[in-house]
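Descriptive analysis of the structure
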Amino acid sequence: MALSINNLLRDLSYNYYISNGSVESNKIEVSIGFLSRSIKAALGDDIIKIVKFGSYDRDTMLPRLYDSNSDVDIMIVFNHDSCGVKAETYRNWIRKFTELKYPRSYVKKDFPTLVLELDHIKFDLVPTISLMQKYYIPDNNNGWMNTDPEGFNKHLTESNRRYNSIVKPIIRLLKAWNSSKGKPYSSYELEKFITVMNFQGHTIESGFFYAIDKIPTTDLSKTALTKVQHLKDDKNWVVTYLNQGDGKNSLIRLKRILPF
């Protein structure tokens with residue numbers, strides 16, 4: 001009779017989750033609150049609002065224990081009607097604010113964001129304007145391009161609900177693998193791949209194996225492709241050992257995929 005690691009994978013997916021009320025979550029929320037209040041105080045009516053988005057907002061961001069480069073995406077929405085400056089000017093305003101308010105922290109430009117790295121978290125601060133109820137962020141020509149983070153969030157939420165709340169856990173599992181292997185995929189691209197998969201009838205275990213089989217390998221570098229092939233091979237061995245009732249070796253192979 002085949003063994004199951006469904007409960008183990010569920011537990012691991014919770015380990016890879018920054019839960020509300022956790023120490024890490026509380027620190028992040030305190031930092032977001034301080035950042036929001038400070039930048040509004042510094043720039044006044046030039047700021048419309050501060051918006052959390054990205055993987056932290058979607059509950060798919062890994063704790064720093066599993067991804068030292070985990071970051072929180074923050075849109076700083078400017079009042080473009082009153083300011084009316086170019087995108088780079090807004091970025092410079094954010095840079096000057098962060099260097100003044102956080103003199104002991106690491107600050108750098110990383111297009112189109114400005115990165116603020118504190119001791120417990122990294123923020124990607126994105127200058128944003130709102131036109132006709134749509135968000136725009138800087139493009140490569142010092143202009144603006146449309147972005148729809150709320151649209152992707154809704155798509156993921158709907159997918160997670162449709163498939164019995166297994167999609168976000170599977171995303172966190174594969175992001176843990178991805179981070180442990182030097183990120184052969186960008187975190188965002190990996191989330192997009194998994195969000196559109198069909199998990200009808202799957203458990204976390206079978207859905208995790210299915211996602212490994214289905215993640216695309218086109219346009220990967222040779223090194224990244226090798227890592228993905230190792231992932232698929234290790235998954236096949238895990239399944240083989242489970243079918244043989246060999247729990248010991250299935251866990252040994254699983255530890256080659258996931259950190260635990």
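Everything below is about the structure printed above this text.
This one's a predicted model, so the numbers in the text were calculated from it and none came from an experiment. (Residues numbered from 1 in each chain as written. Predicted model: local features only at pLDDT ≥ 70, side-chain atom pairs only at ≥ 80, totals over all residues. Heavy atoms only, no water.)

It is worth spelling out the overall build of the chain at this point. For the chain, the count of helices and strands is 11 helices and 7 strands. If you line up the chain on its principal axes, its C-alpha atoms span 70 × 35 × 35 Å. Residue pairs in contact within the chain that sit at least 24 positions apart in sequence constitute 60% of those at least 6 positions apart. Working note: accessible area of the chain is about 13,400 Å², and carbon and sulfur atoms make up 48% of it. For the chain, the separation between the mean place of its 36 positive charges and that of its 29 negative charges on side chains is 3 Å. (Helix = DSSP H or I, 4+ residues; strand = E, 2+ residues; numbered from the N terminus. Contact = heavy atoms within 4.5 Å. Areas by Shrake-Rupley, 256 points an atom, 1.4 Å probe, with all protein chains shown as cover. Lys, Arg positive; Asp, Glu negative; His and termini not counted. Charge placed at Lys NZ, Arg CZ, Asp CG, Glu CD.)

This paragraph deals with the pairing of strand β4 (residues 113–117). Burial analysis of β4 places 4 of its 5 residues in the buried class, the great majority of the element. Where strand β3 (residues 106–110) and β4 come together, 5 bridges link them in antiparallel fashion. Bridged to K109 within β4 is L114. Two successive antiparallel strands, β3 and β4, enclose a turn made up of 2 residues. Sheet topology places β4 next to strand β5 (residues 122–131); 4 bridges connect them, and they run antiparallel. Each bridged residue has a counterpart across the sheet, and for E117 the counterpart in β5 is K122. From the end of β4 to the start of β5, which pair antiparallel, there are 4 residues. (Buried < 20%, exposed > 50% of the residue type's maximum accessible area, 1.4 Å probe, protein only. Pairing = 2+ DSSP bridges.)

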